[in-house]
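Here's the letter readout for the chains.
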Amino acid sequence: EFSLVNPASLGEVEHLLLEGTMLPTLRRVSASSVPNETVRETAFPSVRAAIALPGGITLGAGYLAGTDADFHIERTENAGAPSTLVIDGAGGINYLRVTLARRIAPSFRVGLDYDVIAGSYREVWTRTFFDSGLSPARDSLEVGYPKKGRWRFGTQLVGGGWCVGGVYESSQKLPLEITRHT
């Protein structure tokens, strides 16, 4: 088992490693008293590759989905002028990672990660009125996460069926770039 948190765990790789995870979900809410709502998500929470190099060194690369969303909501509203409201949203935050790890001794490993954090999210609200004399309304919200990097250093001490490790991660603020259109 290789840790997504501690880069030293890749020091155990002896050949080529390819691993990944896929989590598809579909949720639909449908009842006579509430509007239909559908949420579809397919997440690849992690995909990682690593290869052992000479000298006990391992080079790795990975992708980790921090958040991922894709949804559609459609509902009829009767408060004020009757209308249909449609909300569509998609986006998320992703991490791209490069790892260098080394087995210093049979029971001691060290590792270093560099993560790039990036992503965006977009939501569009569209209201169509039943009265043809009223113009449709559209609003959108876009949130961007500029690319930011962070370092992570890890160690592991391994012995007969147990492992103890520690990780230090550099801190980074993740600023938001928000754009609204009406």
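Residues numbered from 1 in each chain as written. Predicted model: local features only at pLDDT ≥ 70, side-chain atom pairs only at ≥ 80, totals over all residues. Heavy atoms only, no water.

Caption draft 1: Spotlight on the pattern of salt bridges. Within this structure, the stated rule accounts for 12 salt bridges. Between Asp-113 and Arg-97 there is a salt bridge; the shortest N-O distance is 3.5 Å. Taken together, the residues Asp-113 in strand E5 (residues 108-129) and Arg-97 in strand E4 (residues 83-105) connect sequence positions 16 residues apart. One continuous salt-bridge network, built from bridges that share partners, spans Arg-97, Asp-113, Asp-115, Arg-150, Arg-152 and Glu-169. (Salt bridge = Lys/Arg side-chain N within 4 Å of Asp/Glu carboxyl O. Helix = DSSP H or I, 4+ residues; strand = E, 2+ residues; numbered from the N terminus.)

Caption draft 2: View of the packing of aromatic side chains. Applying the stated criterion across every chain, the model contains one aromatic pair. Plain terms: the ring middles of Tyr-114 and Trp-151 are 4.6 Å apart, the flat faces sit at 55° to each other, and that makes the pair tilted. With Tyr-114 in strand E5 and Trp-151 in strand E6 (residues 137-159), this residue pair connects regions lying 37 residues apart in the sequence. Judged by relative accessible area, which is 32%, Tyr-114 ranks as partly exposed. For Trp-151, a relative accessible area of 46% corresponds to the partly exposed category. (Phe/Tyr/Trp six-rings, centres within 6.5 Å; stacked < 30°, edge-to-face > 60°. Buried < 20%, exposed > 50% of the residue type's maximum accessible area, 1.4 Å probe, protein only.)

Caption draft 3: Structural view of the environment of Tyr-145. Turning to its location among the elements, Tyr-145 is positioned in strand E6. According to the relative accessible area criterion, Tyr-145 is buried, its value standing at 18%. Between the C-alpha atoms of Tyr-145 and Arg-48, which are 97 residues apart in sequence, the distance is 23 Å.

Caption draft 4: Examining the side chain of Arg-48 more closely. The residue Arg-48 is located in strand E2 (residues 34-53) in this model. The contact partners of Arg-48, leaving out residues within four places of it in the chain, are Phe-2, Ser-3, Leu-4, Leu-10, Leu-17, Leu-18, Glu-19, Ala-61 and Gly-62. (Contact = heavy atoms within 4.5 Å.)

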